[in-house]
Number of protein chains: 2
Amino acid sequence: MLLQQFFDQGLGHASYLVADPDEGVAFLVDPDRHLQPYLDAAAKLGVLITHSFETHVHNDYVSGSPALAALRPISVVTGDGAEVRYPHVSLADRETIDVGALRVHCVATPGHTPEHVSYLVADLRRADDPQFLFSGGALLVGHIARVDLLGPELEERLARAAYETLRERVLSLADYVAVFPTHGGGSACTSSDAASSRWTTLGFERRHNDVARAAMQDFARFRETIARGLPVAPAYYPGVRALNHQGAAAYAAAPLRVLRDPLPADATLIDPRAPHVFGSGHRRGALNIVGNDSFAVRLGAVVPFGSPLILLTVDREQAEALRRQLATVGYDDVRGVADPVPDTGEDLGRVRVVDARTAKRLSDEGATMLDVRERSEYERAHAPGALHIPYEQLQDRIAEVPRGRDVVVYCAAGVRSSLAASILERSGLAPINMRGGFSSWEIAGLPTEG
Amino acid sequence: MLLQQFFDQGLGHASYLVADPDEGVAFLVDPDRHLQPYLDAAAKLGVLITHSFETHVHNDYVSGSPALAALRPISVVTGDGAEVRYPHVSLADRETIDVGALRVHCVATPGHTPEHVSYLVADLRRADDPQFLFSGGALLVGHIARVDLLGPELEERLARAAYETLRERVLSLADYVAVFPTHGGGSACTSSDAASSRWTTLGFERRHNDVARAAMQDFARFRETIARGLPVAPAYYPGVRALNHQGAAAYAAAPLRVLRDPLPADATLIDPRAPHVFGSGHRRGALNIVGNDSFAVRLGAVVPFGSPLILLTVDREQAEALRRQLATVGYDDVRGVADPVPDTGEDLGRVRVVDARTAKRLSDEGATMLDVRERSEYERAHAPGALHIPYEQLQDRIAEVPRGRDVVVYCAAGVRSSLAASILERSGLAPINMRGGFSSWEIAGLPTEG
């Protein structure tokens, strides 16, 4: 058996190509919509992909399985609770499918979602005994995937299911089972302290994973452990889960149009430049979402799912890379690209950027310090008296930001805070962005609390 | 911890880049001479390679560690018995080195070679408890590395050491330790039935690895199990081990010269074309070593280490790829390339190629059937009355081949047998090559024995 992991840094999403080179066949586990890397890897190994296994109906990225099934003669396999509305084979708990000499056992592992299954794989050429677990969100490196994504009504029931799943379905497996999760470090499907390793072994997690250890004790302890340190769930998640129930088509990549002023008024303007460049002059109303690995997730956290978008960059290569990221989370309606700074003479927006010491002085003079990081970051330490609103919630909670005085926004490094500043500006405020974020505040030796 | 495996198909050689991305550092385990892929992978992860660990003084490929140390400020780390003659840090059993938050424990594991060590790694950010074993040849997927490479005097002592190593140093580790060996399927450092997986877990091997199971019983049983199914050790191994003691310089890749006739007489001519093309006309004296993944190993099995070579191909890209393979096994003296078929009007060599039925008829008429496969392949089944001489031993045992009648050479698929035919031709015989090898013999329903 040959195994290749694909990892999307921005989403913390791991997917897999698992091949039986002797029989010339392979399967995928939880592929995303960008199919070419899987097809290329399969071609390189000289194998044909025959199946694509889905551990659950994903919240965080658009599944590539239905698109692949539309292009190639493969079977998409799900657990029998998935109820996806595209052609698929559904497996009940303990049912198996053989791909070459690889026997894939379906193991019902509800918790992260109700229909969640894991796939336990044996290489029959070596033994009937399974050695590999594709655990989806049922067991992660140092954690499990969160159970609160489907709303508070389901949360308690899912927490209970996750507890039973760990105790009876996962931790009961042999120590020597290698564990390949779908969610890794950086995924908003788990808390931000997920370790940097991208796979693990079962016995090691039984011994060193706090959630697994808690699950071997009482439910209350487990419940408390899984709730710790969770980031705000990005607003786009329900949209993507609905799309995955339906089955997304292949990602269509017609060349992006270059738009001229005036730009269509119904699209959201996305400015991917660095905060200090954005601050020095930008189109009014544009959101500053820096074009790094986290671009798509941050956009999904602040722009309603399905919104038409315009990317403000003249770099075609960057525009295509960003559109590719957006396709991963189902934002396909990119209307075109445009110059981030038009030469129409229109009045540009500006965001004042200050260093930590200046921010402290402004705070002393009465400015509001607005901390837009996740709760776990805020609780560790923050600027004295800071107002805490995670950037994902800022639009909805904008009334909480005092008007009539300066607002200094900060995050960890100055990137999320620039996005927050652009949200505030769009609502008529004149925010100030703190350069270098809270880390520069701490390096400057300024007072903290928390 | 992030781990990337590099696998050389032809040699069955696995090497590793192991990174601590948080601290921005990484180490290599058993790298080969082609350093660029490691450097590229490290750059992609944004880490600096600081150490290169050698599990043993390798027989099968030229280590890249000393060459890397000459280019970059890294430390080469070996076990304290390695006695390599280039700058290095040597670790005694149980000593450790930290690379970022990764703690590397040296574990003396003699057997495959006397100085052999394994490296047991803990990611201190998760636990002091080690989760990863770089086992070199001490534990492979389904096997261990052979103990007979250093000659019959050492063999018994090494077999005993390998037995103790497995019982006391390796199988005593936790089930959940993931095992990353240096030798994989296709390596002549182990028997040919090595499974196709390229890493494993300790508990799984304890349960399903025949050699590990035998080691938990008595020594005699273990001794018998490890001797089973070994291929002929390629003749180049001692040359490479000596070079690795010395420390090989970086691979110098000046463009290959195109040579004109007459070709220098002191170089061995290597014809990498397909057997039927070679058979239809080739330079007399040329060896037919097909330019596939096994090119370098097969050349190393039949051409004395250090020989000057001429590659008979006009395809520059192929020539460079073959030279790259040769550098991996230390055959650096490639004098140039030349046309496989000169237009000088000289008399070309020809090898008659026949199908299995014709071979059977020739055999019935008195031809010698010469089986040049490995012993394990021959013992499974062979043509009735076939003479068995593995191609690696053919030059030395050529007197055993009867003269004065036809010789039909076969292997599994017709590739090794064409090399054997070219060796026979060089010694004045007129061999016949059986197309499609023994598999086509079986498909044709011809009689077998064994």
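Cut-offs applied
Along each chain, residues carry numbers from 1 onward, in the same order as the chain's sequence is written. Just so you know, chain letters begin at A and ligand numbers begin at 1, following the order they were written in. Note on the predicted model: pLDDT of at least 70 is required for a residue's local features to be given, and 80 or more for side-chain atom pairs to be given and counted; whole-chain, interface and lining totals, by contrast, use all residues. As a rule here, side-chain values cover all heavy atoms of the structure and leave hydrogens and water aside. In this text, helices come from DSSP runs of H or I with a minimum length of four residues, and strands from runs of E with a minimum of two, each type numbered from the N-terminal end. Any residue under 20% of the maximum accessible area for its type is buried, any over 50% is exposed, and the rest in between are partly exposed; the area is computed with a 1.4 Å probe on protein chains only. Residues count as neighbours in contact if any of their non-hydrogen atoms are within 4.5 Å of one another. Residue burial considers only the protein chains on display, and all accessible areas are found by Shrake-Rupley using a 1.4 Å probe. Under the convention used here, Asp and Glu are negative, Lys and Arg are positive, and both His and the chain ends fall outside the count. Here the site of a charge means NZ on Lys, CZ on Arg, CG on Asp, or CD on Glu. Two strands pair under a simple rule: DSSP has to find at least two bridges between them. We define buried area as the total accessible area lost by two parts upon association, computed with a 1.4 Å probe and summed across both. One speaks of a salt bridge when a side-chain nitrogen belonging to Lys or Arg is within 4 Å of a carboxyl oxygen belonging to Asp or Glu. Each polar contact in these results corresponds to two N or O atoms within 3.5 Å; when the atoms are within protein, one needs to be able to donate a hydrogen and the other to accept it, and residues that are neighboring in sequence are counted only if both atoms are side-chain atoms. Inter-axis angles, ranging from 0 to 180 degrees, are taken between N-to-C directions of lines fitted to C-alpha atoms, where helices are fitted over the stretch in contact. Helix span is expected to be 1.5 Å times the residue number reduced by one. Aromatic contacts are taken between Phe, Tyr and Trp rings whose centres are within 6.5 Å, Trp giving its six-membered ring; a plane angle under 30 degrees counts as stacked, one over 60 as edge-to-face, and the others as tilted. Superposing the copies works by least squares over the C-alpha atoms of residues that have pLDDT at least 70 in both of them. Delimitation of the domains relies on an automatic or database domain assignment. Residue polarity is assigned by list, with Asp, Glu, Lys and Arg as charged and Ala, Val, Leu, Ile, Met, Phe, Trp, Tyr, Cys and Pro as nonpolar; anything else, Gly included, falls into the polar class. Clockwise travel from the first strand over the helix to the second, with the strands pointing away from the viewer, marks a crossover as right-handed.

**Quick notes on the overall build of chain A**
Working step 1: Broken down by element type, chain A carries 14 helices and 21 strands.
Working step 2: By principal-axis analysis of the C-alpha atoms, chain A measures approximately 70 × 50 × 35 Å.
Working step 3: A total of 450 residues make up chain A; the buried ones form 60% of that total.
Working step 4: In chain A, once contacts between residues fewer than 6 apart in sequence are set aside, the share between residues at least 24 apart is 68%.
Working step 5: Taken as a whole, chain A presents about 17100 Å² of accessible surface, with 49% of it coming from carbon and sulfur.
Working step 6: In chain A, 45 side chains carry a positive charge and 57 a negative one; their mean positions are 4 Å apart.

**What to know about the pairing of strand β13 (residues 268-271) of chain A**
Residues and elements named next belong to chain A.
Working step 1: Side-chain alternation along β13 places Thr-268 and Ile-270 on one buried face and Leu-269 and Asp-271 on a second face that is also buried.
Working step 2: Relative to strand β15 (residues 309-311), β13 is paired through three bridges, and the arrangement is parallel. Along β15, the bridge assignment pairs Leu-269 with Ile-310.
Working step 3: Here β13 pairs with strand β14 (residues 287-288) via two bridges, running parallel. What sits directly across from Asp-271, in β14, is Asn-288.

**What about the interface of chain A and chain B?**
Where the parts come together, the accessible area they lose is often given as the size of the interface.
Working step 1: In this complex, chain A contributes 28 residues to the contact, which on the side of chain B involves 28 residues.
Working step 2: Between chain A and chain B, the buried area comes to about 2500 Å², and carbon and sulfur atoms account for 56% of it.
Working step 3: Its largest share of buried area at the contact with chain B, chain A owes to Arg126(A), Tyr176(A) and Phe204(A), together 30% of the area lost on that side.
Working step 4: Where chain A meets chain B, there are two salt bridges.
Working step 5: As a salt-bridge pair, Glu205(A) and Arg126(B) come within 2.4 Å of each other at their nearest N and O atoms.
Working step 6: The tally of links between chain A and chain B comes to twelve residue pairs in polar contact (both at pLDDT 80 or more).
Working step 7: Of all the secondary structure elements, the ones that give two or more residues to the side of chain A that touches chain B are β11 (178-181), β12 (200-201) and α4 (202-208) of chain A.

**Topic: the sheet that holds strand β3 (residues 25-29) of chain B**
Residue and element names in this part refer to chain B.
Working step 1: The strand order across the open sheet formed by six strands is β1-β2-β3-β4-β5-β6, and the pairing between neighbours is mixed. The open sheet has two edge strands, β1 (2-8) and β6 (89-91), and neither has a second partner. Recorded for the sheet is a direction-independent mean angle of 25° between the axes of neighbouring strands.
Working step 2: In terms of strand pairing, strand β2 (residues 13-20) meets β3 through five bridges, oriented antiparallel. Bridged to Ala-19 within β3 is Ala-26.
Working step 3: Packing against the sheet, helix α1 (residues 36-45) makes contact with β1, β2, β3 and β4 (48-53), and its axis sits at approximately 25° to β2.

**Some words on helix α10 (residues 316-328) of chain A**
Residue and element names in this part refer to chain A.
Working step 1: Between the first and last C-alpha of α10 there are 19 Å, a value that for 13 residues agrees with the 18 Å anticipated at 1.5 Å per step.
Working step 2: By the burial criterion, the buried members of α10 are Ala-319, Leu-322, Arg-323, Gln-325, Leu-326, Ala-327 and Thr-328.
Working step 3: Check the buried side of α10 and you find it contacts β1 (2-8), α9 (295-302), β15 and β16 (334-337).
Working step 4: Trailing α10 by a residue or two, Gly-330 shows a phi angle of about 85°, which is positive.

**Side note on the packing of aromatic side chains**
Working step 1: In the structure shown here, the tally under the stated rule is 37 aromatic pairs over all chains.
Working step 2: Aromatic pair Tyr410(A) and Phe438(A): ring centres 5.7 Å apart, planes at 25°, arrangement stacked. Of this pair, Tyr410(A) sits in strand β20 (residues 407-410) while Phe438(A) sits in helix α14 (residues 437-443), and the two are 28 residues apart along the sequence. Of the two residues, Tyr410(A) and Phe438(A), both sit in the buried class.
Working step 3: Ring geometry for Tyr16(B) versus Phe134(B): centroids 5.2 Å apart, planes at 65°, classification edge-to-face.

**Notes on the relation of the copies chain A and chain B**
Working step 1: Here chain A sits on chain B after a turn of 180° about the axis and a move of 0.1 Å along it, with an RMSD of 0.0 Å. Taken together, the turn and the small shift mark the pair as related by a two-fold rotation axis. By C-alpha distance to the rotation axis, the residue of chain A lying nearest is Tyr176(A), at 2.3 Å.
Working step 2: Both copies present the same face, since 100% of the interface residues in chain A are matched by interface residues at the equivalent positions in chain B.

**A closer look at the environment of Arg207(A)**
Working step 1: Checked against the element boundaries, Arg207(A) lands in helix α4.
Working step 2: Residue classification places Arg207(A) among the partly exposed positions, given a relative accessible area of 45%.
Working step 3: Here the alpha-carbon distance between Arg207(A) and Val302(A), two residues 95 residues apart in the chain, equals 38 Å.
Working step 4: When near neighbours in sequence (up to four residues on either side) are disregarded, Arg207(A) contacts Arg213(A), Asp129(B) and Tyr176(B).

**Describing the pattern of salt bridges**
Residue and element names in this part refer to chain A.
Working step 1: The final tally for this structure, using the stated rule, is 52 salt bridges over all chains.
Working step 2: Taking the shortest distance from any N to any O, the salt bridge between Glu-155 and Arg-223 comes out at 2.9 Å. Of this pair, Glu-155 sits in helix α3 (residues 152-170) while Arg-223 sits in helix α6 (residues 219-227), and the two are 68 residues apart along the sequence.
Working step 3: Three or more residues joined by partner-sharing salt bridges are found here, namely Asp-20, Asp-22, Glu-23 and Arg-125.

**Considering the domain arrangement of chain A**
Residue and element names in this part refer to chain A.
Working step 1: What the domain assignment reports for chain A is domain 1 (2-238), domain 2 (252-337) and domain 3 (352-443).
Working step 2: The gap between the C-alpha centroids of domain 2 and domain 3 is 23 Å.
Working step 3: Contact with domain 2, which involves 14 residues of that partner, is made by twelve residues of domain 3.
Working step 4: Interface area lost by domain 2 to domain 3 is led by Leu-287, Arg-298 and Val-302, which between them contribute 38%.
Working step 5: Our enumeration of links across domain 2 and domain 3 arrives at three residue pairs in polar contact (both at pLDDT 80 or more).
Working step 6: Looking at the side of domain 2 that touches domain 3, the elements that each hand over two or more residues are α8 (275-279), β14 and α9.
Working step 7: Broken down by element, the side of domain 2 that touches domain 3 gets its largest block of residues, three residues, from α9.
Working step 8: Split into classes, the residues belonging to the side of domain 2 that touches domain 3 amount to eight nonpolar, four polar and two charged.

**Regarding the pairing of strand β3 (residues 25-29) of chain A**
The side chains of a regular strand alternate between the sheet's two faces.
Residue and element names in this part refer to chain A.
Working step 1: Counting buried positions along β3 yields five of five residues, so the element is predominantly enclosed.
Working step 2: The two faces of β3 match: Val-25, Phe-27 and Val-29 on one face and Ala-26 and Leu-28 on the other face are all buried.
Working step 3: The turn joining strand β2 (residues 13-20) and β3, which pair antiparallel and follow one another in sequence, is formed by four residues; a positive phi near 75° is taken by Gly-24.
Working step 4: Of the pairings in the sheet, the one linking β3 to strand β4 (residues 48-53) comprises five bridges and is parallel in character. From the neighbouring strand, Val-25 faces β4, where its bridge partner is Leu-48.
Working step 5: Regarding topology, helix α1 (residues 36-45) serves as the crossover connection from β3 to the parallel β4, and that connection is right-handed.

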